[in-house]
Amino acid sequence: MLRVFIQTYGCQMNEADSEEMFLHLSARGAVRTDQLDQADAVLINTCTVRDHAEHRALSFLGRLAKWKRENPKRIIIFAGCAAQRLGKALQKRYPYLNIVAGAKGIEHFSETLDKSGLFATPGQPVASPVGLSAYVTIMRGCNFNCTYCIVPSVRGPVTCLPAQDILADAARKAKAGAKEIMLLGQTVNAYQDGTVSFASLLNRVSEIPGVERVRFTSPHPLYFTDELLRTLEQNPKIARHIHLPVQSGSTKVLQEMKRGYTRELFLEKIRALQAAGCHISTDIIVGFPTETEDDFAQTLSLVDEAQFLAAYCFKYSPRQGTPAAQMQLLPENILEKRLSILLNKVRDLADATYQRQIGTVQEVLMEEPHKGRSSGSFWVQTKTSHPVGNMVSCKVVKAEGTLLFCEE
Ligand code: SF4
């Protein structure tokens, strides 16, 4: 028996990729452990979207030198986006590293394990236990070239998984107990499998026995087609929360970022989503190299207009190899100041959004006897106790911080 410790950095797609890689390891007799000192192998699945995430993964890899010295038969696998970006240089710098498996090669992970000669002949994979909410990857890669983003170069262009494989994966997870399926892709709503559109895929997943709710992340504003908006309106199993990154409120900066939409188009899309009952959260980059005070003021005004449920705000940080990395950076004190102004605004508006929910009815998937998550992604505390996994309809009577208190 081979005990594997898995360390995942980054987004939900990486969480899903770690599960997939573990399936291939389990076919070779591996079981998971959360005790590093008892592990025979370590799988580090890495992120390179921000410098900080890559440093954390490399620093963990550095600390494993001692772990490996204690038992040279131990195996270290470095996978994912940072592995793709840094490639062969890694084995030179960390000679004790056994396998480098870049993000573009996730589909070939099984062959990579076989080629290493370190594992037994594969048998039947053993899937990890499934929780109430399960990830299903539907596409990999990205066809955009946002000037600050390293994803297209480490993950490559879009490839969509066949719809029948996606439905089989979702059905297997629903059978194993998942009530909520989260469909994953870098521009998830651009999914297209010949005859199956993203809207039609959402409907089909929602019809799988046992599936109570379908979520998806991360969509792109350009792919909220009329068909998709109609599907959202008509299918109550599709969650009323959409995470839609905007990145800037200035059309000029959006063009320099090559995001492919204007401020006006973004606002038009979220108004249509809000009309369908959806709450919107977003990502915002503060201090892109060409961002002026006026551009930043437009981001603030967009936040006012958009009424986001939440906004994850980041200071711009250059990624080597991207076009924006050639641009002159803004001074750090300007980035700090703008970030702090934006965070305060976002916090105040989110408080108001929570207060506005008082009196509304929420559909809640219970994750604990008194606590669950609503379709709009609010955390909800119920007055009475319910079995975990049940869907409960309840009315909001109070909002405190980021928690809604409800009565059934
Ligand atoms: S849409 Fe832009 S930000 Fe998102 S992954 Fe693709 S290139 Fe990166």
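Residues numbered from 1 in each chain as written. Predicted model: local features only at pLDDT ≥ 70, side-chain atom pairs only at ≥ 80, totals over all residues. Heavy atoms only, no water.

Points about the nonpolar core
Most often, soluble globular proteins have nonpolar side chains that are buried together. Defined as follows: Throughout this description, the term nonpolar core refers to a set of buried Ala, Val, Leu, Ile, Met, Phe, Trp, Tyr and Cys residues connected via side-chain atoms within 4.5 Å. Here the term buried applies to any residue with accessible area under 20% of the maximum for its type, exposed to any over 50%, and partly exposed to those in between, with areas from a 1.4 Å probe on protein chains only. As used throughout, domain bounds are those supplied by an automatic or database domain assignment. Contact between two residues is taken to exist if any of their heavy atoms lie within 4.5 Å; hydrogens are not considered.
Ranked by internal contacts, the top residues of the largest apolar core, which has 54 residues, are Ile138, Leu183, Leu201 and Phe216. Of the residues that make up this core, three or more belong to each of domain 2 (129-239) and domain 3 (242-356). With residues near it in sequence (within four places) discarded, Leu201 still touches Ile138, Ala163, Ile166, Leu167, Leu183, Tyr191 and Val196. Counting 22 residues, the second-largest nonpolar core is a separate cluster that includes Ala53, Phe60, Ala83 and Tyr94.

Observations regarding the state of the cysteines
This is how it is decided: We call a pair of cysteine sulfur atoms a disulfide when they lie within 2.5 Å.
With the rule as written, the count across this model stands at 0 disulfides. Cys11 takes part in no disulfide bond, and the closest cysteine sulfur, belonging to Cys47, lies 6.3 Å away. Judged by relative accessible area, Cys11 falls into the partly exposed class, the value being 36%. With no disulfide partner, Cys47 has as its closest neighbouring cysteine sulfur the one in Cys81, 6.2 Å distant. Note on Cys47: relative accessible area 11%, which makes it buried.

Thoughts on the site of the ligand
Stated precisely, the cut-off is as follows: Any residue with at least one heavy atom within 4 Å of a molecule or strand is counted as near it. Each residue is assigned to one class: nonpolar for Ala, Val, Leu, Ile, Met, Phe, Trp, Tyr, Cys and Pro, charged for Asp, Glu, Lys and Arg, and polar for all the others, Gly among them.
All residues adjacent to the ligand are Cys142, Phe144, Cys146, Tyr148, Cys149, Val151, Pro152, Gln186, Thr187 and Arg259. A per-class count over the shell around the ligand returns 7 nonpolar, 2 polar and 1 charged.

Examining the sheet that holds strand S5 (residues 99-102)
For clarity, the cut-off: Only strands that DSSP links by at least two bridges are regarded as paired with each other. Helix and strand labels come from DSSP, where a helix needs a run of H or I of at least four residues and a strand needs a run of E of at least two; each type is numbered from the N terminus. Only the stretch in contact is used when a helix axis is fitted, and all axes are lines through C-alpha atoms; the angle between N-to-C directions ranges over 0 to 180 degrees.
Strand order in the open sheet formed by 5 strands is S2-S1-S3-S4-S5, and the pairing between neighbours is parallel. Bordering the open sheet on either side are strand S2 (30-32) and S5, each of which pairs with just one other strand. On average, each strand axis in the sheet is inclined to that of its neighbour by 25°, with strand direction left out of account. Pairing of strand S1 (residues 2-8) with S2, which is carried by 3 bridges, proceeds in the parallel orientation. Bridging from a neighbouring strand, Leu2 pairs with Ala30 of S2. The sheet contacts of helix H5 (residues 109-116) involve strand S4 (75-80) and S5, and relative to S5 the element is tilted by about 165°.

What to know about the packing of helix H8 (residues 198-206) against helix H9 (residues 226-234)
In plain terms, the rule: When an angle is under 35 degrees it counts as roughly parallel; over 145 it counts as roughly antiparallel; between 65 and 115 it counts as roughly perpendicular; any other value is oblique.
It is the contact of H8 with H9, at a shortest axis distance of 8 Å, that shows an interaxial angle of 25°. One element, H8, and the other, H9, form an angle in the roughly parallel class. The segment H8 lies against H9, with Phe198, Ala199, Ser200, Leu202 and Asn203 engaging Glu227, Leu228 and Thr231. When grouped by side-chain class, the residues that make up the contact of H8 with H9 number 4 nonpolar, 3 polar and 1 charged.

Side note on the sheet that holds strand S17 (residues 371-374)
Spatial strand order, S16-S17-S18-S20-S19: 5 strands in a closed barrel with mixed pairing. Shown here is a sheet whose adjacent strand axes are inclined to one another by a mean of 50°, direction ignored. Direction of pairing for strand S19 (residues 391-400) relative to strand S20 (residues 403-407): antiparallel, over a ladder of 5 bridges. The residue bridging Lys398 from the neighbouring strand is Phe405, located in S20.

Examining the domain arrangement of the chain
Spelled out, the test is: Note on terms: buried area is the combined drop in 1.4 Å-probe accessible area of two parts once they are placed together, counting the loss on both. Basic side-chain nitrogens of Lys or Arg form a salt bridge, by our definition, when they fall within 4 Å of a carboxyl oxygen of Asp or Glu.
Under the domain assignment used here, the chain contains domain 1 (2-116), domain 2 (129-239), domain 3 (242-356) and domain 4 (361-407). Distance between the C-alpha centres of domain 1 and domain 2: 26 Å. Listed by partner, the interface residues are 16 residues for domain 1 and 15 residues for domain 2. For the pair domain 1 and domain 2, the two sides together bury roughly 1300 Å², of which 63% comes from carbon and sulfur. If you look at where domain 1 meets domain 2, you find 3 salt bridges. Across the pair Arg155 and Asp17 runs a salt bridge, and its minimum N-O distance is 3.2 Å. Looking at the side of domain 1 that touches domain 2, the elements with two or more residues in it are helix H1 (12-26) and helix H3 (81-86). Tallying contributions element by element places H1 first for the side of domain 1 that touches domain 2, with 7 residues.

A word on the packing of aromatic side chains
The cut-off we apply is this: Here a pair means two rings of Phe, Tyr or Trp (six-membered ring of Trp) with centres within 6.5 Å. Their orientation is stacked below 30 degrees between planes, edge-to-face above 60, and tilted elsewhere. Think of it as a cone above the ring: NZ of Lys or CZ of Arg counts as a charge over the ring if it is within 6 Å of the ring centre and within 35 degrees of the ring normal.
Inspection of every chain in the model, using the stated rule, returns 9 aromatic pairs. Ring centres of Phe288 and Tyr316 lie 5.5 Å apart, and the angle between their planes is 75°; on these two criteria the pair is classed as edge-to-face. Here Phe288, found in the loop between strand S14 (279-286) and helix H12 (293-306), pairs with Tyr316, found in the loop between strand S15 (310-315) and helix H13 (332-356); they are 28 residues apart in sequence, far enough to count as distant. Ring centres of Tyr354 and Phe378 lie 5.1 Å apart, and the angle between their planes is 90°; on these two criteria the pair is classed as edge-to-face. Remark: Phe378 occurs in the loop between S17 and strand S18 (379-382) and Tyr354 occurs in helix H13; sequence separation between them is 24 residues. Of the two residues, Tyr354 and Phe378, neither departs from the other in class, the shared state being buried. Put simply, the rings of Phe198, Phe216 and Phe224 pair up and form one aromatic cluster. Of note, Arg32 hangs over the ring of Phe22, and the distance from its end group to the ring centre comes to 5.6 Å. It is Arg50 that lies over the ring of Phe314; its NZ or CZ is 3.9 Å from the centre.

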